[in-house]
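Each chain, written out:
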Amino acid sequence: MHIEKIHLRNYRNYETLTLDFSPKINVFIGENAQGKTNLLEAIYFMAVGKSFRTSKDGDLIEIEKEGAYVKLLLSKNKDQQKRIEIGLDRSKNKKCKVNGVPLDRMSELLGTLNVVIFSPEDLQIIKQGPSQRRDFIDGDLSQITPKYHFLLNQYQKILKQRNQALKLKQYRKVDLEPWNMQLVQYGTEIIFYRREFIKGLSILTRLMHRKITREKENLKLIYQSSVPLEKDQSPLEIKSQFLKSLKEAEAEEINRGLTLIGPHRDDLEFEINGKDVKKYGSQGQQRTTVLSLKMAELELMKKETGEYPVLLLDDVMSELDENRQQDLLQSLKNIQTFITSTSMDSMEKIDEMNLYQVQGGKIKILQKPVS
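Below is a summary of the structure that appears in this document.

Cut-offs applied
Residues numbered from 1 in each chain as written. Predicted model: local features only at pLDDT ≥ 70, side-chain atom pairs only at ≥ 80, totals over all residues. Heavy atoms only, no water. Helix = DSSP H or I, 4+ residues; strand = E, 2+ residues; numbered from the N terminus. Buried < 20%, exposed > 50% of the residue type's maximum accessible area, 1.4 Å probe, protein only. Pairing = 2+ DSSP bridges. Contact = heavy atoms within 4.5 Å. Axes fitted to C-alpha atoms, helices over the stretch in contact; angles between N-to-C directions. Parallel < 35°, antiparallel > 145°, perpendicular 65-115°, else oblique. Nonpolar A, V, L, I, M, F, W, Y, C, P; charged D, E, K, R; others polar. Salt bridge = Lys/Arg side-chain N within 4 Å of Asp/Glu carboxyl O.

Our focus in this paragraph is unusual backbone geometry. In most cases, non-glycine residues show a negative phi, while peptide bonds are predominantly trans. We note that Glu215 has phi near 70 degrees; this positive angle belongs to a residue other than glycine. Although it is not a glycine, Asn273 sits at a positive phi angle of roughly 50 degrees. Looking at where Asn273 falls in the secondary structure, it is placed in the loop between β10 (267–272) and β11 (275–276). The class of Asn273 is partly exposed, set by a relative accessible area of 47%.

Each strand in a sheet pairs with another by means of backbone hydrogen bonds, the pair being arranged parallel or else antiparallel. The antiparallel open sheet is built from six strands, whose spatial order is β2-β1-β4-β5-β6-β7. Since the sheet does not close on itself, it has two edges, and those belong to β2 (14–20) and β7 (101–102), each with one partner. Relative to β7, strand β6 (residues 94–98) runs antiparallel, the two being bridged by two bridges. Paired with Val98 across the strands is Val101, a residue of β7. This element, helix α1 (residues 36–48), spans β1 (2–11), β2, β4 (67–76), β5 (80–89) and β6 of the sheet and lies at about 110 degrees to β1.

Moving on, we come to the packing of helix α7 (residues 283–305) against helix α8 (residues 322–330). At their nearest, the axes of α7 and α8 sit 11 Å apart, and the two run at 5 degrees to each other. Classified by the angle their axes make, α7 and α8 are roughly parallel. Taken together, the residues of α8 that come into contact with α7 (itself represented by Gly284, Gln285, Thr288, Leu291 and Met295) are Arg324, Asp327 and Leu328. Looking at the contact of α7 with α8 residue by residue, the classes come out as three nonpolar, three polar and two charged.

Moving on, we come to the pattern of salt bridges. Scanning the model with the defined rule gives 21 salt bridges in all. A salt bridge links Arg12 to Glu41; the shortest N-O distance between them is 2.8 Å. Here the residue Arg12 occupies a position in the loop between β1 and β2, and Glu41 occupies one in helix α1, the gap between them amounting to 29 residues. Residue Glu41 is classed as buried on the basis of its relative accessible area of 0%. Close ionic contact of Arg194 with Asp266 constitutes a salt bridge, the shortest N to O distance being 2.9 Å. Taken together, the positions of Arg194 in helix α4 (residues 177–212) and Asp266 in the loop between α5 (235–256) and β10 put the pair 72 residues apart, joining distant regions of the chain. The same class applies to Arg194 and to Asp266, which are both buried.

Written out as structure tokens, the structure reads:
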């Protein structure tokens, strides 16, 4: 898939912008705070219906404007075209259309446009807490399997209600069984999806990492669940273990007024040659781990959906050394890529690209490949 065109109106610092893109590599050069990341954010927004920088849709609307509008033209397999439109206003209304048909829920947008984003913040994914790693897993799974997004939303609703019931049970009789059954129902499917996703991602990440490190290092991804899991357990077996774990933890959960068992407590660990990357990995190893992870994301989405997602590289090239830059660029031959940077350093390694200059919410094209 690739994006043919985007139109922005009153989005961040873009009063109006219409831009055509190359199906290969698009590079945006400019100083900081000129609007480079805003453009990538708009593309991401059209894929998942929310920003990767803020939880407030109002932040996306240009200052002193009442609303914003984004339209994107997408080409998919077999020359299929999709037109995505999203309108925002300050009353917190958000409306989306695909090929002119209004969507009842923003979650229906998932899977129309798939994206992978790699930013300097992602280079810290190893050092951050479990919630960031769960967000990473949930973001990919929601794009690959839209049903997963529904399961996650339902689980979060039940989790909130069960936590309230646990607090009530501290001073009066409350039957937790209805909440337990619903929590386990949705949670079991989430755990199963995550386990299978990480199993596939782990294989690809290990292969990418061995390539980048010239066969010197073995990277392993380990899914850490608060529900004790054995290899290749069926959903029915996971459900049984989940219920058992909830019963065993009930006294402590009542005491703390908090659900301690379930996928909301999951984590993802990374090991290089048997050692925890978070604790013992060097800065270079941690960066290589995340780079391998992002390259594996691309391949996994291709495997699951039949086509590569769009790749967004937000000011990340300067964070990688020359070898890692080269490894990344070599992997982009069949992937539409958007790169932002403050300089042309390392861009000379790109054979074909559209080059744009970004300044003060204005973008002009400087170079197109010779056809």
